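# Coordinate inspection notes
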Amino acid sequence: MKVQQIALENFQFLRLLDKLQQANEQDAERSQREYVLLRQFLITNPYATLGQLRNTFSQTRYISIDDVGELYEDCKQNESYWCCDRCGPLIKKHGHLRGIKPSVCNDHRKNLSYVRRISGKQGLRRLKFGIHWRVCLPGIPEIRLFHALEKLHKQQPKYLCEVQLWPGIDRYDLQLRFGDGSVWAVDIKDYRNPYDLALQLKPIFEEGDLRYDESFYVIPNHRLHQRQDYIEILREEATGLQKSTHLFSDTAFEERVSAKIMHLSKGK
């Protein structure tokens, strides 16, 4: 039932994605902006009220408030809900809080800084399971890396000129533009098993504005804490990848960006 539920609920999101991709042919800038707005909202607001939906989507052209509302389900009033900043909404089971995917995050004691209590007020809604699994959960490390790179951009806008989230309506996760005109494409992959991920890796899409000089697959740090040889296994097993595609943890990638900025700042 869970697999069927994920597929049916994810179809609701895919319908919106399809609508935006069609709009992208005539109105690329606005459809891109609305996709980023939608995806960021779902990731950062796993619990939301109708008021929040109205405030965020009342001016959108291609997405209606009802469209987004269908991705949520009603919460019960006067009941406590819990959310993890690392993996989203939690469920109570046998007196403990459980995450949607224990391999991502499995410590949800109530006193931890990243575990938050949400009061069940009137009109509160929660992401449907399939949207949480397919849209919110993989988006958390993407948003985290975006915020870290945006901070670097604000500090050094001359050298890291732009960080774009989900360019081309999610053809890949991040596009970085540097002061020397070079462009990097980044895709973040959060798989427990590096052998499974290696089978999925292929050259990152590049056409038109999505062209790049260097491409990167970035793995969240927690996967390397679980398995120290994760990147080495990927390098050996990902036979469909070009040698020019780099594999990094998110921390190592941030260091690579900082090194590029420093290199440019010295005029080399």
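Residues numbered from 1 in each chain as written. Predicted model: local features only at pLDDT ≥ 70, side-chain atom pairs only at ≥ 80, totals over all residues. Heavy atoms only, no water.

## A few points about the state of the cysteines
Cut-off, in case you're wondering: Our working definition of a disulfide is a cysteine sulfur pair at a distance within 2.5 Å. For every residue, the accessible area obtained with a 1.4 Å probe (protein chains only) is divided by the maximum for its type, and the residue is called buried under 20%, exposed over 50%, and partly exposed between those limits.
Tallying each qualifying case throughout the model produces zero disulfides. Of all cysteine sulfurs in the structure, the one in Cys83 sits closest to Cys136, which takes part in no disulfide; the separation is 7.2 Å. On the basis of relative accessible area, Cys136 is assigned to the buried category, the value being 0%.

## Some remarks on the pattern of salt bridges
Counted only if it meets this: What counts as a salt bridge is simple: a side-chain nitrogen of Lys or Arg found within 4 Å of a carboxyl oxygen of Asp or Glu. Only DSSP runs of H or I covering at least 4 residues are called helices, and only runs of E covering at least 2 are called strands; the numbering of each starts at the N terminus.
Tallying each qualifying case throughout the model produces 16 salt bridges. As a salt-bridge pair, Glu70 and Arg15 come within 3.3 Å of each other at their nearest N and O atoms. With Glu70 in the loop between helix H4 (65-69) and strand E2 (72-74) and Arg15 in helix H1 (residues 2-24), the pair connects residues that are 55 residues apart, well separated along the chain. Classification of Glu70 as partly exposed rests on a relative accessible area of 35%. For Arg15, a relative accessible area of 44% gives the class partly exposed. Residues Asp190 and Arg223 are paired through a salt bridge, measuring 2.5 Å at the closest nitrogen-oxygen approach. Of this pair, Asp190 sits in the loop between strand E10 (183-188) and helix H7 (194-200) while Arg223 is found in helix H8 (residues 221-226), placing the two residues 33 residues apart along the sequence. The two residues Asp190 and Arg223 agree in class, both being buried. Taken together, the shared-partner salt bridges in this structure form one network comprising Arg39, Glu142 and Asp170.

## Digging into the side chain of Lys260
To keep things clear, this is the line we draw: Distance and chemistry together define a polar contact, namely a pair of N or O atoms within 3.5 Å, with one atom able to donate a hydrogen and the other to accept it when in protein, and with adjacent residues in sequence counting only for side-chain atoms on both sides. Residue contacts follow a heavy-atom distance rule, with two residues in contact if any of their heavy atoms lie within 4.5 Å.
Within the fold, Lys260 resides in helix H10 (residues 250-265). At 3.2 Å, the side chain of Lys260 forms a polar contact with the side chain of Ser182. In contact with Lys260, other than residues within four places in its own chain, are Phe178, Asp180, Ser182 and Trp184.

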